[in-house]
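Commentary on secondary and tertiary structure
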Amino acid sequence: MTQQATTQPVAKYRKDYQSPSHTTSDIDLYFELHDSATIVTAISQVKQLRDSTTVELDGEQLGLQTLQVNGQDWSEYELLDGGLKIHQLPSEFELKIVTQIDPEANTALEGLYKSGGAFCTQCEAEGFRRITFYQDRPDVLARFTTTVEADKNTYPYLLSNGNRIDSGDLDNGRHWVKWQDPHPKPAYLFALVAGDFDVLTDQYVTRSGREVALEIFVDKGNLNRAPHAMTSLINSMKWDEERFGLEYDLDIYMIVAVDFFNMGAMENKGLNVFNSKYVLANDQTATDTDYLGIEAVIGHEYFHNWTGNRVTCQDWFQLSLKEGLTVFRDQEFSSDLGSRAVNRINNVRIIRGPQFAEDASPMSHPIRPDKVIEMNNFYTLTVYEKGSEVIRMMHTLLGEEGFQKGMKLYFERHDGTAATCENFVAAMEDASGVDLKQFRLWYSQSGTPTLDVTSHYDADKQTFSLTVVQSTEPTHEQKEKQALHIPFDIELYKYTGEAYSLIIDGKINSNVLDVTQPEQTFVFEGIESAPVPSLLREFSAPVKLNYAYSDEELIFLMRHATNDFARWDAGQMLLAKYIKSFVADTNAVVELPTEVVDAFRGVLLDNTLEPAFIAEMLTFPSHNEVSGWYKRVDVDGIAKVLKSIKQVIANELTDELSATYFALTQQAYSIEHAEIGQRSLRNVCLGYLAYTEQGNTLVEKQYYSSNNMTDTIAAMSAANSAQLACRETLMSDYSDKWKHDGLVMDKWFMLQGTNPASNALSVIRESMSHEAFSLKNPNRIRSLIGAFLNNNPVQFHATTGEGYGFAGEILRQLNESNPQVASRLIDPLLKFRLYDEARQAQIKAQLEALKSMDNLAKDLFEKVNKALES
Ligand code: TRP
Ligand code: ZN
């Protein structure tokens, strides 16, 4: 019998958390793998934790075949929607459950499914319940022993968590392998893979001398795309020992790359499963961005071994405990290995763009949510990226030493258990002595705070005062907001470029001011003349800053700020001033004052700056980031202004851009950071030059002489943005070359998705019948359709409403095949209140059509309802 979900989805609340009635100390799993009828036998040792003779198990889409307690057939059970209740149980018992499942029919890619020819699993957050009936909650930790049995020819590799302890052949052409994971873990960290792969192997010796076998499994023929992942893994292991004093704890670490995967990667104990996008790379198939993405994600999943696996989450509301902290760790890893400034800039772009937008949307939630219908909807920018900013603020308040003491205490207290965000903050507080009472509000309050800052210089008293007013607008789910503890990092500059010591009440103060009140004034003494303040250095808190900087002050900071991030940020603020003024009057002729153009010219010609950093200085805020500055978004106006300003800079700086472009000639490809930086600057120059007369010639030449994917894609992308004559030829040349490789074609699909031409949508529809495209593959969906919805503002929001109609069509299909992917794709539609009435009505009609579907998945149900009730 197979269950069907029928009832209306219900919300779960954080305040209703109850510890489990029972726990499982050991679970022994046997998988008899078959494409459409896999048999799973689970034998668990279960113990009562409080006085309850009933246990509730989660289960979805399972065929129950056998249920036994202590070896006896047990009839005291009820099969419910979403689970099973077993009654009249003794206080300790052995539970045997046999279920049948259908991996081949599993297009949702949750639980056990087939990716290409291989079996694989995805259990976080609540996928294990699609494998067997179990207490599928992160606070039940058990030792897993897993035997995998399958046909030996088709599935020579049979993998699961932990160490391989036994194996054998059966006489029907099948074989089996038995794995044992000594570390108790929640079910969401369970994994199984069966298939035929090429394997890249290596070894790592931990600093205490443990020898760890490293194995990366990729599709046959892809071995030459695995070395960068291996290097990144070894670098991660080394870095975690050096910076955090954390060592790996098993004898083997396996990574499997699969083509069908809903997210980036998954940290299953000892057996990570990765989206192949975050493993496979060589110079012909991957860009520098891909290489850096692989390093970051390999690091992220590896760092989860301590922050996530050794210490896991009590309940899913605590997700940021592991995700915010692990993102912080992977950001630090990338910053220690590469350019700290460039990494910080790109992380801040994500917060200021998509995270701020999420916090202003109907899905707004605190980094520790209070109410959840579908947990998959809460793997968000808020939980991950803002979560990481919250950890980073604690790091700023405590310093590296205090923070590391806090980490040490956290592991002393909670290793081997399921913990809460509160436990983490308490460890930080207790280890450092820093009071984090008010700081805790960051966990419960949603929305983006604004700091309105004004200043006053008193020449007589030689004081400079900064008045900081903080406020947070009400969000969809939370109307009342309180003042937060905001670390506000500043510097005050003399006109010579030297920084003043910050003296308050006769004492030297740190650069990080504690903003804790709704309104607060800081008076700095001994200031001989009006200074230029550098505010919110390093983006020391995830807030919006308003300060009435003059152009002269911003240009000064672009040149003289001691901190690279502050220099970049000054440049962005300067651009923002002009973008805002032209968006307010889209008929005005777009021009920039000479001093502004010269400031950017100065950056381009400054040979003391790293090329990678110059490239960031010359990169504008995106259409999405600019949209976030408004309550009502003028989609076309913003696009027009951004393009015109780019054109102005291209025209004014043509000579310098060309000189830089030609000075940075193409070298033999290597992924050294210095060379990544040079390619990045060269390609930023090309992006501007595409808007000049030589554009078509330069772009075409770069495409045909490129020896690596970074330069190839940069040429195509310049041709796409500037709509150069060569665009079509380059696109078809690329497609002829790569049509058999979905991952490489994703870059091509992305260019079709973001095509600014007015026929973009019809070309996108055609691209859906390209041989490399499939609506079953999440990467393809994101590259083509996700790019159109998120990064093609003018065409997606075309007043005909055709873009919205297309989105609705796709969402209705994905609702059935893969709700998790559908639910990520729908986000831009939830923000309909940002647009004019006509567009609002058209978007709302699509949401209503979804709402009226009788089989609407929980994932979309939660978002559509929130958006429509707002
Ligand atoms: N825990 C994973 C990570 O952050 C991400 C993850 C959560 C995931 N749910 C998922 C991955 C579902 C794939 C599918 O690294
Ligand atoms: Zn993670």
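Let me sum up the structure you'll find in this document. (Residues numbered from 1 in each chain as written. Chains lettered and ligands numbered in written order. Predicted model: local features only at pLDDT ≥ 70, side-chain atom pairs only at ≥ 80, totals over all residues. Heavy atoms only, no water.)

1. A closer look at the pairing of strand β26 (residues 463-472)
Along β26, 8 of the 10 residues are buried, which leaves the element largely enclosed by surrounding structure. In terms of strand pairing, strand β25 (residues 449-458) meets β26 through 10 bridges, oriented antiparallel. In the strand pairing of β26, Pro449 is matched with Thr472. Hairpin geometry of β25 and β26 is characterised by an intervening segment of 4 residues between the two adjacent antiparallel strands and by a positive phi of about 55° at Gln462. Looking at chain direction, β26 and strand β31 (residues 519-525) are connected through 7 bridges and run antiparallel. Paired with Leu466 across the bridge in β31 is Phe522. (Buried < 20%, exposed > 50% of the residue type's maximum accessible area, 1.4 Å probe, protein only. Helix = DSSP H or I, 4+ residues; strand = E, 2+ residues; numbered from the N terminus. Pairing = 2+ DSSP bridges.)

2. Observations concerning the packing of helix α1 (residues 227-244) against helix α2 (residues 288-303)
Here α1 crosses α2 at 45°, and the two axes come no closer than 9 Å. Relative to α2, α1 is oriented oblique. The two elements α1 and α2 meet at a crossing, and its hand is right-handed. Judged by residue contacts, His228, Ala229, Ser232, Leu233, Ser236, Met237, Trp239 and Asp240 of α1 engage Tyr291, Ile294, Glu295, Ile298, Gly299, Tyr302 and Phe303 from α2. Across the contact of α1 with α2, the residue classes break down as 9 nonpolar, 4 polar and 2 charged. (Axes fitted to C-alpha atoms, helices over the stretch in contact; angles between N-to-C directions. Parallel < 35°, antiparallel > 145°, perpendicular 65-115°, else oblique. Left-handed = near helix turned anticlockwise from the far one by under 90°. Contact = heavy atoms within 4.5 Å. Nonpolar A, V, L, I, M, F, W, Y, C, P; charged D, E, K, R; others polar.)

3. With respect to the side chain of Glu625
Locating Glu625 in the fold gives a position in helix α12 (residues 623-627). In this structure Glu625 is buried but unpaired, with Arg352 as the nearest side chain of opposite charge at 4.7 Å. Discounting chain neighbours no more than four positions away, the residues touching Glu625 are Arg352 and Gly353. (Lys, Arg positive; Asp, Glu negative; His and termini not counted. Salt bridge = Lys/Arg side-chain N within 4 Å of Asp/Glu carboxyl O.)

4. Thoughts on the sheet that holds strand β6 (residues 72-73)
An order of β6-β5-β9-β3-β2-β12-β15-β14 is seen for the 8 strands of this open sheet, with the pairing classed as mixed. Whereas interior strands pair on both sides, the edge strands pair on one side only; in this sheet they are β6 and β14 (163-169). As defined by bridge partners, strand β2 (residues 22-32) adjoins strand β3 (residues 38-48) across 10 bridges and the pair is classed as antiparallel. Bridging across to β3, Ile27 finds its partner in Ser44.

5. Points about the coordination of the zinc ion (ligand 2)
Around the zinc ion (ligand 2), the protein contributes the donor atoms His300 (NE2), His304 (NE2), Glu323 (OE) and Glu323 (OE), which lie 1.9 to 2.7 Å from the metal centre. Read in sequence order, the donor residues coordinating the zinc ion (ligand 2) give the pattern H-x3-H-x18-E. Linking His300 in helix α2 with Glu323 in helix α3 (residues 319-337), this pair joins segments that are 23 residues apart in sequence. By the burial criterion, His300 is buried, and Glu323 matches it. (Donors = N, O, S within 2.8 Å, 3.2 Å for Na, K, Ca; no water.)

6. Section: the sheet that holds strand β16 (residues 192-195)
Read from one edge to the other, the open sheet built from 4 strands follows the order β10-β11-β16-β13, with strand pairing classed as antiparallel. In this open sheet, the two strands that pair with only one neighbour each are β10 (111-115) and β13 (157-160). For this sheet, the mean angle separating the axes of adjacent strands, direction not counted, is 20°.

7. Overview of the pattern of salt bridges
Per the counting criterion, the structure on display carries 56 salt bridges. In this structure, Glu332 engages Arg243 in a salt bridge whose closest nitrogen and oxygen atoms are separated by 2.9 Å. Residue Glu332 is located in helix α3, and its partner Arg243 is located in helix α1; the two are separated by 89 residues in the primary sequence. Accessibility classification places Glu332 together with Arg243 in one group, the buried group. Between Lys863 and Asp827 there is a salt bridge, with the nearest N and O atoms lying 2.8 Å from each other.

8. Side note on helix α21 (residues 778-791)
Think of an α-helix as turning once every 3.6 residues; residues three or four places apart then point the same way. Look at α21: only 17 Å from first C-alpha to last across 14 residues, short of the 20 Å you get at 1.5 Å a residue. For α21, the principal kink sits at Ile785 and spans about 40°. A large share of α21 lies buried, amounting to 11 of its 14 residues. When we look at burial in α21, the residues that qualify are Pro778, Asn779, Arg780, Ile781, Ser783, Leu784, Ile785, Gly786, Ala787, Phe788 and Leu789. The distance from a side-chain oxygen at the start of α21 to the backbone nitrogen of Asn779 is 2.8 Å, and the residue carrying that oxygen is Asn777. (Expected span 1.5 Å × (residues − 1). Bend = angle between axes of the 7 residues up to and from the residue. Polar contact = N/O pair within 3.5 Å; in protein donor to acceptor, adjacent residues only side chain to side chain.)

9. Side note on the site of ligand 1
Taken together, 15 residues surround ligand 1, and among them Glu124, Glu267, Glu301, Glu323 and Tyr384 come closest. His300 is positioned such that a nitrogen or oxygen atom in its side chain is 3.3 Å from an oxygen atom of ligand 1. Note that an oxygen atom of ligand 1 is positioned 3.1 Å from one of the side-chain N or O atoms of Glu323. Listed by contribution, the elements that provide at least two residues to the shell around ligand 1 are β20 (265-266), α2 and α3. (Near = heavy atom within 4 Å.)

10. Examining helix α6 (residues 421-432)
Compared with the 16 Å implied by 1.5 Å per residue over 12 residues, the 17 Å span of α6 between its first and last C-alpha is a close match. Along α6, the residues classified as buried are Cys421, Phe424, Val425, Ala426, Ala427, Met428, Glu429 and Ala431. A positive backbone phi angle near 80° is found at Gly433, which sits one or two residues after α6.

11. A few points about the environment of Asp51
Mapped onto the elements of the fold, Asp51 is located in the loop between β3 and β4 (55-58). Spatially, the C-alpha atoms of Asp51 and Ala650 are 74 Å apart, while their sequence positions differ by 599 residues.

12. Some points on the nonpolar core
Within the largest apolar cluster, 278 residues are counted, with the highest numbers of intra-cluster contacts made by Met394, Phe424, Phe488, Phe524, Val699 and Tyr734. Counting residues per element, this core draws most heavily on helix α5 (residues 381-414), which supplies 13 residues. Residue contacts for Phe524: discarding those within four places in its chain leaves Gln462, Thr463, Phe464, Leu466, Ile490, Leu492, Leu502, Ile503, Ile504 and Leu513. (Core = buried A, V, L, I, M, F, W, Y, C linked by side-chain atoms within 4.5 Å.)

13. Digging into the packing of aromatic side chains
Within the structure shown, the criterion is met by 36 aromatic pairs. Taken together, a centroid distance of 5.1 Å and an interplanar angle of 50° make the contact between Phe119 and Tyr155 tilted. Residue Phe119 is located in strand β11 (residues 118-122), and its partner Tyr155 is located in the loop between β12 (142-151) and β13; the two are separated by 36 residues in the primary sequence. Site record: aromatic cluster; members linked through ring pairs are Trp239, Phe244, Tyr248, Tyr253, Tyr302, Phe303 and Phe333. Against the face of Phe119 rests Lys114, its NZ or CZ located 4.8 Å from the ring centre. Between Lys580 and the ring centre of Trp629, over which it is positioned, the NZ or CZ distance is 5.0 Å. (Phe/Tyr/Trp six-rings, centres within 6.5 Å; stacked < 30°, edge-to-face > 60°. Lys NZ or Arg CZ within 6 Å of the ring centre and 35° of its normal.)

14. Focus: the pairing of β12
The buried count for β12 comes to 8 of 10 residues, which makes it a mostly enclosed element. Two strands pair when backbone bridges link them, and β2 and β12 are joined in this way by 7 bridges, in the parallel orientation. Bridging from a neighbouring strand, Asp28 pairs with Thr145 of β12. In this sheet, strand β15 (residues 174-185) lies alongside β12 in antiparallel orientation, the contact comprising 9 bridges. For Thr147, the partnering residue across the bridge sits in β15 and is Lys178.

15. Considering the environment of Leu535
For Leu535, the location among the structural elements is in strand β32 (residues 532-535). With 46 residues separating them along the chain, Leu535 and Asp489 place their C-alpha atoms 6.4 Å apart. In contact with Leu535, not counting residues within four places along its chain, are Val453, Leu466, Phe488, Asp489, Ile490, Leu545, Tyr547 and Tyr549.

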